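Chain residues, written in single-letter form:
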Amino acid sequence: MGKLWSLFFVFSAVIAVALCWFAPDWNWWFPGDGKAHSTLGGKIDDLFHLILIIVAVTFIGTQAALGYVLWRGATIKPEEKALFSHGSHSLEVIWTIVPSAVLLFIALYQLDVWAQFRIKGAIRDSHGKMVRPEPVAELTARQFEWRIRYPAKGKPLQPKPQPDDIYSVNELHIPSGRPVEVTLRTDDVQHAIFIPELRIKQDAVASLKIPVWFDALDNRDYEMLCAELCGWGHYKMKAKVVARSDEDFDAWKEQASAEQFDDGFRKPVEAK
Amino acid sequence: MMFRHSSNHRSVTTAPWQLVCGLALGIASGLAGCGTGPKAEFSYREATQKLIPVARKAIKDTLEDGFGTPHNLVAWERFPVAYGGAKASVVAAAEGVQPASKTISVSVEGDVSKLVSGASVLWLTGTRAGEKAAADTVDTYDTKTKTLTWSGSAEPAPGVGDVLIVGFGHALQKGRAVYMKNCMHCHGVSGDGNGSTAQFLNPRPRDYRLGVFKFTSTLSAEKVSRDDLHRVVKYGIPGTYMPSFLLLGEEETKSVVEYVRWLAMRGEFEKRTDDDLGDFTEDSIVDTVKKSKTAFDAAKVAYDATLKAGDKDAVKPDAPIKLTDARKSATEAFAKFQASDLDQAVEDTASFLAEAWTRADDEASRIAPTVPRVADDAASRERGRLLYMSDKTKCYTCHGLLGKGNGAATEDFWKKPGTEELYPRRGLHDAWGNPLQPRNLTLGQYRGGRRPVDVFRRLYAGIKGTPMPGFGKTALKDEEIWDIVNFVMSLQYQSPQPAKTNAGGHVVATDMPEAK
Amino acid sequence: MRSQMTRLVQKNAGAVACAFVTLTLVVGCSAPLSSGANSQTTVKYRAASKDAVAAATDTSVAAATGDVAVSEGGVGTLKGRVEFVGDFAPLPPLFVKGGAAKDPSVCGAEAIPNESILVKDGGLANVFIYLDKIPKGAVVPPAGDPVLFDQKVCIFTPHAMVMRVKQAVKVLNADGAAHNTHTYPKKNSAFNSVVQPNDRGGVDLVYGQAEKEPFQVGCDIHSWMTAYHLPLDHPFAAVSAADGTFEIKDLPAGKHEFKVWHEAGKMVEKALVVEIKPGDNNEVSIKVPASKLGK
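Residues numbered from 1 in each chain as written. Chains lettered and ligands numbered in written order. Predicted model: local features only at pLDDT ≥ 70, side-chain atom pairs only at ≥ 80, totals over all residues.

## Details of helix α3 (residues 53-67) of chain B
Residue and element names in this part refer to chain B. Inclusion rule: To qualify as a helix, a DSSP run of H or I must reach at least 4 residues; to qualify as a strand, a run of E must reach at least 2; elements of each kind are numbered from the N terminus. Given a helix with a known number of residues, its expected span is that number minus one, times 1.5 Å. Around each residue's C-beta, the other C-beta atoms within 10 Å are counted; 20 or more make the residue buried, 12 or fewer make it exposed, and counts in between make it partly exposed. All C-beta atoms are placed from the backbone. What the arc covers is the set of directions going from the helix axis to the C-beta atoms.
Over its 15 residues, α3 extends 21 Å from the first C-alpha to the last, a length consistent with the 21 Å expected when each residue adds 1.5 Å. Taken as a whole, α3 has its buried residues at A55, A58, I59, L63, G66 and F67. Looking down the long axis of α3, one finds its buried residues gathered within 130° of arc, a one-sided arrangement. Exposed positions of α3 whose direction lies more than 90 degrees from the buried face are P53, K57 and D61.

## Structural notes on the nonpolar core
Worth spelling out the cut-off: Any nonpolar core is a set of buried residues, restricted to Ala, Val, Leu, Ile, Met, Phe, Trp, Tyr and Cys, that join up through C-beta atoms within 7 Å.
Within the largest apolar cluster, 109 residues are counted, with the highest numbers of intra-cluster contacts made by L139, L172 and I193 of chain A together with L172 of chain B. Among the elements that make up this core, the one with the highest residue count is helix α7 (residues 250-276) of chain B (nine residues).

## Considering unusual backbone geometry
Cis geometry marks the peptide bond from Q143 of chain A to F144 of chain A; its omega dihedral reads 0°. Along the chain, F144 of chain A turns up in the loop between β1 (135-142) and β2 (145-150). Following N202 of chain B, the chain continues to P203 of chain B via a peptide bond in cis, the omega torsion being 5°. On the secondary structure map, P203 of chain B appears in the loop between α5 (184-187) and α6 (226-235). One non-glycine residue, K166 of chain C, lies in the positive phi region at around 70°. Mapped onto the fold, K166 of chain C is located in the loop between β8 (160-164) and β9 (168-171). One non-glycine residue, K266 of chain C, lies in the positive phi region at around 60°. When you line up the elements, K266 of chain C lands in strand β18 (residues 266-276).

## Comments concerning the arrangement of the chains
Put simply, the rule is: Whether two residues are in contact is decided by their C-beta atoms, placed from the backbone, lying within 7 Å.
Looking at the two pairs of chains with contacts, the pair that accumulates the most is chains B and C. At their nearest point, the C-alpha atoms of chain A and chain C are still 10 Å apart, with no contact between the two.

## Here we look at the pairing of strand β6 (residues 147-152) of chain C
Residue and element names in this part refer to chain C. Quick reminder of the rule: One bridge is not enough; two strands pair if DSSP finds at least two bridges between them.
By the bridge criterion, three bridges tie β6 to β9 in an arrangement that is parallel. By the bridge assignment, V147 is partnered in β9 with V169. Pairing of β6 with strand β7 (residues 155-157), which is carried by three bridges, proceeds in the antiparallel orientation. By the bridge assignment for β7, Q151 is matched with F156.

## Observations regarding the sheet that holds strand β14 (residues 226-232) of chain C
All names here are of chain C. What counts here: Axes here mean lines fitted to C-alpha atoms, for a helix over just the part in contact, with angles spanning 0 to 180 degrees between N-to-C directions.
Within the open sheet, the five strands sit side by side as β8-β14-β13-β10-β11. Their pairing is mixed. Here the strands that pair on one side only, and so sit at the sheet edges, are β8 and β11 (192-195). Geometrically, the sheet is characterised by an average inter-axis angle of 30° between neighbouring strands, direction not taken into account. Examined bridge by bridge, strand β13 (residues 215-219) and β14 share four bridges and lie antiparallel to one another.

## Considerations on the confidence of the model for chain C
For the record, the criterion: Every residue is assigned a pLDDT by the predictor, reflecting its confidence on a scale from 0 to 100.
In the predicted model, chain C carries a mean pLDDT of 82, and the fraction of residues at 70 or more is 87%. With pTM at 0.86, the complex prediction returns an ipTM value of 0.83.

## Concerning the domain arrangement of chain B
What counts, and what does not: Bear in mind that the domain bounds are from an automatic or database domain assignment.
One can read the domain layout of chain B as domain 1 (54-81 + 177-276 + 322-366), domain 2 (86-168) and domain 3 (378-508). Taking the mean C-alpha position of each, domain 2 of chain B and domain 3 of chain B sit 58 Å from one another.

## Topic: the interface of chain C and chain B
Rule in force here: Classes in brief: Ala, Val, Leu, Ile, Met, Phe, Trp, Tyr, Cys and Pro nonpolar; Asp, Glu, Lys and Arg charged; the others, Gly included, polar.
Contacts between the two partners involve 65 residues from chain C and, on the opposite side, 77 residues from chain B. Where the side of chain C that touches chain B is concerned, the elements lending two or more residues are α2 (13-29), β1 (42-46), α3 (51-64), α4 (104-107), β11 and β13 of chain C. Top contributing element to the side of chain C that touches chain B by residue count: α2 of chain C, with 12 residues. Taken together, the residues that form the side of chain C that touches chain B break down as 29 nonpolar, 26 polar and 10 charged. For strand β1 (residues 72-76) of chain B and β1 of chain C, the ladder comprises five bridges, and the chain directions are parallel. If you follow V74 of chain B over to β1 of chain C, its bridge partner there is K44 of chain C.

## Remarks on the sheet that holds β2 of chain A
Residue and element names in this part refer to chain A. Ordered by their spatial adjacency, five strands build an open sheet running β3-β2-β1-β5-β8, and the pairing between neighbours is mixed. Where the open sheet ends on each side, the last strands, each with one partner, are β3 (166-169) and β8 (210-215). Neighbouring strand axes in the sheet, compared pairwise and without regard to direction, differ in orientation by 25° on average. In this sheet, β3 lies alongside β2 in antiparallel orientation, the contact comprising four bridges. Across the sheet, residue I148 finds its bridge partner in β3, namely S168. Running over the sheet, helix α5 (residues 246-260) touches β2 and β3 and is turned about 95° from β3.

## Observations regarding the packing of α6 of chain B against α7 of chain B
All names here are of chain B. Note the cut-off: Any angle between 65 and 115 degrees counts as roughly perpendicular, while under 35 counts as roughly parallel, over 145 as roughly antiparallel, and the rest as oblique. A clockwise turn of the near helix away from the far one marks a right-handed crossing, whereas an anticlockwise turn of less than a right angle marks a left-handed crossing.
At a minimum axis distance of 10 Å, the contact between α6 and α7 shows a crossing angle of 120°. The angle between the axes of α6 and α7 places the two elements in the oblique class. The two elements α6 and α7 meet at a crossing, and its hand is right-handed. Facing R226, L229, H230, V233 and K234 of α6, the residues of α7 in contact are T253, V256, V257 and V260. Taken together, the residues of the contact of α6 with α7 break down into five nonpolar, two polar and two charged.

Printed below as a string of structure tokens:
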């Protein structure tokens, strides 16, 4: 019986590893097409893979040891005496220091990426040059939608709403290919902006205006979700991030401005 | 199975029956949540519940015949709802094809792409109409030769000119599915604004059953247009819990708008039929009995007095009507009404609704300014401010002198419309009986849309279902309305010059325009 | 007790593990089975109106254009008086002169009377006497010229009014302050419009549907203002004058059931049967006891 149980536990570990191995083929891996579409996203993915490898090695090692110990316990003859141990000081030192060292390594290794994400002005474009992004929009999260305010074409975003500001809902337009900043705020409870394909996540906290930097490398639409439980509609608080080239972005702004200041007057059609 | 029994140490043993039990337990608990769940049902208005039982049954039957239940919908062609499906008529049996081959030539109006294999076929006229061919589906449809082959029995063969609809009702079903998933929890299964989440929301979700929607582009006597509903679904209503469903998809949005219109028609149909049956309520029976009793009491007093005075010719007053007799006579009266007038009343209501909802999408019902927006300069805003403060419009009585929505009218007790009772709370109320604060214009929050044309429409026709009146074509010219629009839209950025009022709340200032 | 639970679980560890694994598998894979609110629906087709009913509506249209033959029994005029039975003390005014709650400079020019019950010489004013439906064989003339509905010193004149469907009602304003006339009909769309001060041209108000009962008309600025309108698709209706008298012309001979409505008691008489004989001499006296008006 004991053998069966030890096999069962080892088998579970094998299943876990196998699932992880085949997960990307079954589309159980990173969202979208699996690639990160921002510079920082790529770095975050690298970190992810590093940690995955470290953890996988540890997992396989410990599960193998567990399996061996279980098997030994199952197959030991009843007359064999158990080994009575008072503990091993050196063993304890080893299995404290090694994991700490690994964790410390991970903590220090990711500091650079963390700094790039958090610290103002510390974003580098694909050539490695420091670029200070401009606030492209103010993103207001509210239950259960995203309201976005853009400055008029050619003007910078002001903290207070301006008469020529452009408003949209659930559709964040950004220029692609370069770093942009979005000012995040919330109208009511805490929300969080989460753009999985760009690997961006940031909580929106009441009374704070939080700058979020990222760059979208490709001209396509990305999905944006809310990642902070904010009420009964949290699950459907989705939005679209529309990343287009600068020219297209400007053209869109013009069109949106014209639609927003539409006075509804249409010249009567000349009777022929 | 390996069994180990040892008296020395506890061991884990597993008898076969334990494994079987475990399996059964796992399956049972896993499947516990499966199944169709409770069936959704349409709710009925309070007024319907207050009718006498026979009248209530008549209305419920009429509604079921006309609209069905949320699971078994009835698509009544009378109403201007795009139920979905492509109408086709038989042109001729396909050339050179045996009659028994179930292939016909058809001319299709509507979306030809819906003629896919497996789509349902509904024969409206001809030999196959009715129950005989109820389960027909499309086998193939050839777009080049325009021939349709159906699956099902070959007999009876359809004749030339027979009308059929392919994929009937699929848009309504899709709309229902989208509605149940996204809208029902606030707006309720019947669109009564009383879903499970509604109790936590302020303002409350719209109750469609009055057939009134607030933010429309149509004239004040017309219903909401499809465009308006489309806009609301797409962009939401900022400042309320109605979110934007921008990502819903074009087809889903269209179908849910149709379903909402259908629910609104059903609700208003019920309301109007309730009004038609207004005499047949429990309250009116009780009222009749009470009135008859008071009349009897008064007459008895008079009779006793005349008797005492010695007048032997005094006429004894009739006994008052008993409750059971009143009920019986009401039931009989209703039976008479049902036999003679109910059908006509139902037809009238259906015609009225069909016309009203069709008219709503006409170009003529839409409000379009006759002049472009007046230049948004200081002069226009000042003219707008003076109009805002004037006796012509009295905007400030509700919206306040600084546009903060705290005008004097918010302190008054208002009368319930059509009655002499007052609302229990101070301030204005909407047509659904909810308290309604006049808009705070300084917030820059425009529920009906922030385009200048949207604000123009609010001023031109007012807001249906609320005390906000219309000024277009009557009180104000289009240029004056634009001046007020410019003023109102500037309030988000600058406070207006305050005006003085006297004790009666009437604005007095040296530069008020004279009331013409 | 916890140790007892642990022992129980230990003894039946196999069963527990098996149950857990099965549960996970079933829950994970059972999505196709559950449906809920989005279960399969059916759609039934219902054709548009039946032909028989369409024909019935046509006769009324024909009647309105006067093409139907004149009724055979002849027509009669109904004259009558609505009498108030009981003691009546005139109601105190809503506001004394100069005391109006809003716009006292305009609305305070006179005292605002309480018009809910008006009795003069024993006659009750502002009572609606009307037929529910167009009687058989009646000739329904087309709607006439626009009728006037005025507002003076913040009082509606007339206080009670009958009009024809599609007949223009001109809402006028004789005051120096704007009025926000707001109607509350049951079948028609509400009219909610501001009427300019001293507007003698008037705003057009047209009712598209006949109503079953009179409904209230108010002003959203001056909340005490009330009036009652009743749009009908026939002319066989009247409102009693200040002394309670009324007259309805050209009623087809025969038995008719009149509805009698007053704002204080609502439906005073649901079906007042009156036999109309051809000619001018039909008289009826409708007695309304104070009890029916809630007094």
